[in-house]
Amino acid sequence: METEKVTEETLEGKRQARSFFLLKAGCFAAILLLAWLLSGFMRQAKAARLQQGISREVLRFHVLANSDSPKDQAVKLQVRDGVLEWLEEELTEEEMGDLSLMEKKIGQLLPQIQSLADRIVKENGMDYETRAQLGESLFPRKTYGNCTFPAGPYTALRLLLGKAEGQNWWCVLFPRLCFLDCVHAVVPEESQKQLQNVLTEEEYESLFDPMEDDYRIGFRYF
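Rules of the game
- Numbers given to residues run from 1 along each chain, matching the order in which its sequence is written.
- Totals for whole chains, interfaces and linings use all residues, but because this is a predicted model, local features are given only for residues with pLDDT of at least 70 and pairs of side-chain atoms are given and counted only at 80 or more.
- The side-chain values count all of the structure's non-hydrogen atoms but skip hydrogen atoms and water molecules.
- Here the term buried applies to any residue with accessible area under 20% of the maximum for its type, exposed to any over 50%, and partly exposed to those in between, with areas from a 1.4 Å probe on protein chains only.
- Note on conventions: DSSP H or I runs of at least 4 residues are helices, E runs of at least 2 residues are strands, and numbering of each starts at the N terminus.
- A pair of strands is considered paired only if DSSP assigns at least 2 bridges between the two.
- The pLDDT value tells you how sure the predictor is about a given residue, anywhere from 0 up to 100.
- Here a residue-residue contact requires only that any non-hydrogen atoms of the pair lie within 4.5 Å.
- Angles here are taken between N-to-C directions and fall from 0 to 180 degrees, while the axes themselves are lines fitted to C-alpha atoms, restricted in helices to the stretch in contact.
- Angular relationships are summarised with four words: roughly parallel below 35 degrees, roughly antiparallel beyond 145, roughly perpendicular across 65 to 115, and oblique for the angles in between.
- Two helices crossing with the near one rotated counterclockwise from the far one by less than a right angle form a left-handed crossing, whereas a clockwise rotation gives a right-handed crossing.
- Under this grouping Gly is polar, as are all residues other than the nonpolar Ala, Val, Leu, Ile, Met, Phe, Trp, Tyr, Cys and Pro and the charged Asp, Glu, Lys and Arg.
- Note that the bend at a residue is defined as the angle between axes fitted to the seven residues ending at it and the seven residues starting at it.
- By definition, no residue in a patch forms a salt bridge, and every one has over 30% relative accessible area; like charges are joined within 9 Å, nonpolar side chains (Val, Leu, Ile, Met, Phe, Trp, Tyr) within 5 Å.
- A 1.4 Å probe and the Shrake-Rupley method give the accessible areas. Residues count as covered only by the protein chains that appear here.
- By convention in these notes, a salt bridge is any Lys or Arg side-chain nitrogen within 4 Å of a carboxyl oxygen on Asp or Glu.
- Positive: Lys, Arg. Negative: Asp, Glu. His and the chain ends are not part of the count.
- To locate a charge, take NZ of a lysine, CZ of an arginine, CG of an aspartate or CD of a glutamate.
- Polar contact is the term for a pair of N or O atoms within 3.5 Å; when the atoms are in protein, one must be able to donate a hydrogen and the other to accept it, and sequence-neighboring residues count only if both atoms are side-chain atoms.
- Directions pointing from the helix axis toward each C-beta atom define the arc.

The name that an unreviewed UniProt entry assigns to the chain is Stage II sporulation protein R, with the source organism given as Candidatus Merdiplasma excrementigallinarum.

What follows is the structure in C-alpha cells.
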C-alpha cells in the first residue's frame, strides 16, 4: 500500500510539473505573440505617419492609358510629354516653388489641360475622350531607382484617357521631379535636394533606408 501511495504521489507530482511547464510555455508564447502584435502596430503607425507627412508635401501626376495596346501606350506618353511641356511654360517659378500655389494654378488650368490632352489623342488617330482631375487618389507602394513612395492617398493631377484601363504612368509635379527627369530610373541629385527641403529629416531618411521596406519614395511607370 505504501508503494502504491508513493507511486500516486510521484505521478501527481509529474502531472503538476507538466501542467506548470505547459502554463509557463503558454505564457511565454502569449508574451511573444503580444510583442509581435505590438511591434506590428507600432510599425504600421510609423508607416502611416510617414506616408501622411510625405503626402502633404507632394503633388503627383498620373496618366492612365486607355488600354495596354502599343498604340494606346504610345499615346499615353505623348500626352505625358505634351502636358508636362505645356505646364512648364504656364507655371511661374513662384508657383513651381510653392505647393499651394501650384495646386491652385493647376486647378484653374484643368479645362485647358483636358483640351490639350484631347487634341494630342486626336492627333494620334484615337477618338476616345479624356478627363482631367485634381484631387486625392490612392496609390500603391512603388519603387524607382533607390527610392519608393509609400502606399496611401496623395493629391494628384490625373489624366484618364478613354477607358483608363491600361498600364499607367506617374511622377511628381511638386517638388518638380517631373520636369527634371521623369523617364530614367534614377533620382537626380537636384531632385533629392528638393525632396530634402520639403520633408522632415525622418521622412527623407526613411526614403533611402534599405531597411524601411514598407515606406519608401520614388516615381516610375506601373
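Anyway, onward from the coordinates.
## Topic: the pairing of strand S6 (residues 168–174)
Most of S6 sits out of view: seven of its seven residues are buried. Where strand S1 (residues 59–64) and S6 come together, six bridges link them in antiparallel fashion. Directly across from Phe61, in S6, lies its bridge partner Cys171.

## A word on the confidence of the model for the chain
When pLDDT is averaged across the chain, the result is 79; 68% of the residues are at 70 or more. Mean pLDDT in the chain bottoms out at helix H1 (residues 2–55), which sits at 64, and peaks at helix H4 (residues 99–123), which reaches 96. A low-confidence stretch, residues 213–222 stays under pLDDT 50, and its non-local contacts, those more than four residues away or across chains, total 61 contacts.

## Structural notes on the packing of helix H2 (residues 70–90) against H4
Running from N to C, H2 and H4 cross one another at 140°; their axes reach a closest spacing of 10 Å. Comparing their axes, H4 and H2 come out oblique. At the point where H2 passes H4, the crossing takes the right-handed sense. Each of Val75, Gln78, Val79, Gly82, Val83, Trp86, Leu87 and Glu90 in H2 lies in contact with H4, whose residues at this interface are Lys105, Ile106, Leu109, Gln112, Ile113, Leu116, Ala117, Ile120 and Val121. Residues belonging to the contact of H2 with H4 are distributed by class as follows: twelve nonpolar, three polar and two charged.

## Observations regarding the sheet that holds strand S5 (residues 152–161)
Taken in spatial order, the four strands line up as S2-S5-S1-S6 in an open sheet, and their pairing is mixed. With partners counted over all chains shown, the strands left at the sheet margins are strand S2 (130–139) and S6, one partner each. Ignoring strand direction, the axes of neighbouring strands in this sheet form an average angle of 25°. The sheet strands contacting H4 are S1, S2, S5 and S6, and the helix crosses S2 at an angle near 135°.

## Here we look at H4
The largest bend in H4 is about 55°, located at Leu109, with the proline Pro111 one to four residues further on. Within the sequence span of H4, burial applies to Leu99, Met102, Lys105, Ile106, Leu109, Leu110, Ile113, Leu116, Ala117, Ile120 and Val121. In the core, the buried residues of H4 are packed alongside S1, H2, helix H3 (93–96), S2, S5 and S6.

## Focus on a negative patch on the surface
Taken together, the side chains of Glu85, Glu88, Glu89 and Glu90 make up a negatively charged region of the molecular surface. Structurally, Glu88 is set in helix H2.

## Description of the side chain of Lys76
Following the sequence through the fold, Lys76 ends up in helix H2. Notably, Lys76 is buried but unbridged: the nearest opposite-charge side chain belongs to Asp68, and the N-O separation is 6.8 Å. Within the structure, Lys76 has its side chain in polar contact with the backbone oxygen of Gln167 (distance 3.3 Å). If near-sequence neighbours (up to four positions away) are discounted, Lys76 is found in contact with Val63, Ala65, Leu161, Gln167, Asn168 and Trp169.

## Some remarks on helix H6 (residues 189–198)
All of the buried residues along H6 are Ser191, Gln194 and Leu195. On an axial view of H6, the arc spanned by its buried residues comes to 100°, and they lie on one face. Every exposed residue of H6 that faces more than 90 degrees away from the buried side is listed here: Glu189 and Asn197.

## Some details on the pattern of salt bridges
By the definition in use, this model includes three salt bridges. With a closest N to O distance of 3.2 Å, Glu95 and Lys105 form a salt bridge. In this pair, Glu95 is assigned in helix H3 and Lys105 in helix H4, connecting sequence segments ten residues apart. For Lys105, a relative accessible area of 17% translates into the label buried. Between Arg119 and Glu123 there is a salt bridge whose closest N-O contact spans 3.0 Å. A residue pair is termed a helical-turn pair when its members lie 3 or 4 positions apart in one helix, as Arg119 and Glu123 do in helix H4 at four residues.

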